[in-house]
Amino acid sequence: MAGHSKWANIKRQKARVDAVKGKIFAKMSREIIVSARMGGDPAGNFQLRTAIDKAKAAGVPNDNIDRAIAKGSGNLSADNSFEAIRYEGYGPGGIAVLIEALTDNRNRTAADLRAAFSKSSGNLGETGCVGWMFEQKGVVTILHPGDEETLLEAALEAGAETYELTTVLGRRDEDIPAAELFCAPADLETLDTSLKAQGLTVHQAELRWLPNNTVLVDDPDQARLLVKLMDALEDLDDVQSVTANFDIAEELMDAIAA
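One structure accompanies this document, and this report is about it. (Residues numbered from 1 in each chain as written. Predicted model: local features only at pLDDT ≥ 70, side-chain atom pairs only at ≥ 80, totals over all residues. Heavy atoms only, no water.)

Thoughts on helix H8 (residues 220–234)
Across its 15 residues, H8 extends 21 Å between first and last C-alpha, which sits within 8% of the 21 Å expected from 1.5 Å per residue. Buried within H8 we find Gln-222, Ala-223, Leu-226, Val-227, Leu-229, Met-230, Leu-233 and Glu-234. The arc enclosing the buried residues of H8, seen along the axis, measures out at 160°, which places them on a common side. The N-cap of H8, judged by a side-chain oxygen 3.2 Å from the amide nitrogen of Asp-221 a few residues on, is Asp-219. (Helix = DSSP H or I, 4+ residues; strand = E, 2+ residues; numbered from the N terminus. Expected span 1.5 Å × (residues − 1). Buried < 20%, exposed > 50% of the residue type's maximum accessible area, 1.4 Å probe, protein only. Arc of directions from axis to C-beta. Polar contact = N/O pair within 3.5 Å; in protein donor to acceptor, adjacent residues only side chain to side chain.)

Quick notes on the sheet that holds strand E3 (residues 123–124)
Spatial strand order, E3-E1-E2-E9: four strands in an open sheet with antiparallel pairing. Two strands lie at the open edges of the sheet, namely E3 and strand E9 (239–244), each paired on one side alone. As judged from the five bridges shared by strand E2 (residues 96–103) and E9, these two strands associate in the antiparallel manner. In the sheet register, Ile-99 faces E9, and the bridge partner there is Val-242. (Pairing = 2+ DSSP bridges.)

Observations concerning the nonpolar core
In terms of nonpolar packing, the biggest core is built from 27 residues, with Tyr-87, Val-97, Ile-99, Leu-113, Leu-233, Phe-246 and Ile-248 touching the most fellow members. Within the residue set of this core, elements represented by two or more residues are strand E1 (83–90), E2, helix H5 (106–118), H8, E9, strand E10 (246–248) and helix H9 (250–257). With six residues, the top contributor of residues to this core is H8. Residues Ala-155, Ala-179, Leu-188 and Leu-191 belong to the second largest nonpolar core, which totals 16 residues. (Core = buried A, V, L, I, M, F, W, Y, C linked by side-chain atoms within 4.5 Å.)

Side note on a negative patch on the surface
Together, Asp-147, Glu-148, Glu-149, Glu-153 and Glu-157 make up a region of like negative charge exposed at the surface. Among the secondary structure elements, Glu-148 is positioned in helix H6 (residues 148–158). Looking at Glu-148, the relative accessible area reads 43%, which means it is partly exposed. (Patch = residues over 30% accessible without salt bridge, like charges linked within 9 Å, V, L, I, M, F, W, Y side chains within 5 Å. Areas by Shrake-Rupley, 256 points an atom, 1.4 Å probe, with all protein chains shown as cover. Salt bridge = Lys/Arg side-chain N within 4 Å of Asp/Glu carboxyl O. Lys, Arg positive; Asp, Glu negative; His and termini not counted. Charge placed at Lys NZ, Arg CZ, Asp CG, Glu CD.)

Quick word on the pattern of salt bridges
Close approach of charged atoms allows side chains of opposite charge to pair. Overall, the coordinates contain 14 salt bridges when judged by the stated rule. As a salt-bridge pair, Glu-31 and Lys-54 come within 3.3 Å of each other at their nearest N and O atoms. Of the two residues, Glu-31 is situated in helix H2 (residues 23–36) and Lys-54 in helix H3 (residues 46–57); the sequence distance between them amounts to 23 residues. Residue Lys-54 is classed as buried on the basis of its relative accessible area of 15%. Close ionic contact of Lys-137 with Glu-161 constitutes a salt bridge, the shortest N to O distance being 2.6 Å. Highlighted residues: Lys-137 in strand E4 (residues 134–143) and Glu-161 in the loop between H6 and strand E5 (162–169), separated in sequence by 24 residues. Judged by relative accessible area, which is 9%, Lys-137 ranks as buried. According to the relative accessible area criterion, Glu-161 is partly exposed, its value standing at 47%. Each of Glu-31, Lys-54, Glu-180, Glu-206 and Arg-208 takes part in a single network of salt bridges with overlapping partners.

Here we look at the packing of H3 against helix H4 (residues 62–73)
Across the interface, H3 lies against H4 with an axial gap of 10 Å and an inter-helix angle of 155°. On the basis of the axis angle, H3 is roughly antiparallel to H4. For the element pair H3 and H4, the recorded crossing hand is right-handed. Residues Leu-48, Ile-52, Ala-55 and Lys-56 of H3 pack against Asn-62, Ile-65 and Ile-69 of H4. (Axes fitted to C-alpha atoms, helices over the stretch in contact; angles between N-to-C directions. Parallel < 35°, antiparallel > 145°, perpendicular 65-115°, else oblique. Left-handed = near helix turned anticlockwise from the far one by under 90°. Contact = heavy atoms within 4.5 Å.)

Section: unusual backbone geometry
Phi angles above zero are rare outside glycine, and Ser-121 is one such case at about 60°. Residue position: Ser-121 is located in the loop between H5 and E3. What makes Ser-121 exposed here is its relative accessible area of 53%. Of note in this structure, His-144 is not a glycine but carries a positive phi near 50°.

Focus on the sheet that holds strand E7 (residues 201–211)
As summarised here, the arrangement of the four strands in space is E5-E6-E4-E7, forming an open sheet in which the pairing is antiparallel. Lying at the two open borders of the sheet, with one neighbouring strand each, are E5 and E7. Taking the axes of each pair of neighbouring strands and ignoring which way they run, one obtains an average angle of 30° across the sheet. Two elements, E5 and strand E6 (residues 175–183), share eight bridges in a ladder whose sense is antiparallel.

Below, the structure written as structure tokens:
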């Protein structure tokens with residue numbers, strides 16, 4: 001399973017900044033609206049429940065969440081024509097990039113993505129061009145996992161395939177000890193339920209695309225272009241998530257950020 005890189009940690013910090021700015025609120029609300037189409041009761045709609053948990057973890061106010069549920073359920077007037085689309089492309093140096101979007105205008109989204117790629121020496125590709133380099137997994141993040149032996153027992157009992165120790169950025173920008181447990185996509189709800197039944201604190205559960213292999217980028221110019229591309233893609237309103245198969249050495253990442 002792909003490890004946590006310096007880039008992954010920076011993405012977490014950026015997510016916190018975006019949350020403060022309110023940028024992430026619209027993305028989370030859109031995800032809740034789409035999930036609520038299958039039923040507005042979180043107890044009977046796991047996809048909605050995980051979308052709500054993710055929004056709360058990002059600091060989205062309860063009023064925003066309730067309003068999004070009402071829109072998705074048809075209880076509030078809203079343009080509810082969003083559809084989920086996956087886009088694929090190549091970053092500088094042939095780095096594979098996978099993008100998940102929720103959009104109400106395919107032409108607009110494709111044009112925005114194409115522009116973002118071209119400005120960073122990349123290009124938007126055809127469906128399937130890099131998708132085979134990634135695998136979708138269910139991921140449940142728990143807080144304060146305790147010692148690793150206890151975590152291993154919990155993971156085995158819950159049916160997780162593997163786990164990784166990590167940290168989650170808290171509301172006060174402090175690092176909170178955490179662990180991510182991985183499973184097959186179809187087993188995500190079962191894993192989530194089992195971990196909660198064991199009394200563990202589940203931070204969020206989600207489906208995530210993970211690269212099968214990563215490419216270590218050590219060229220400063222390529223690294224800068226990649227960071228620029230990832231930032232540009234994640235800043236687009238229609239984009240929900242961006243995954244790429246690169247890693248950047250910590251020293252180089254620090255030099256770029258300086």
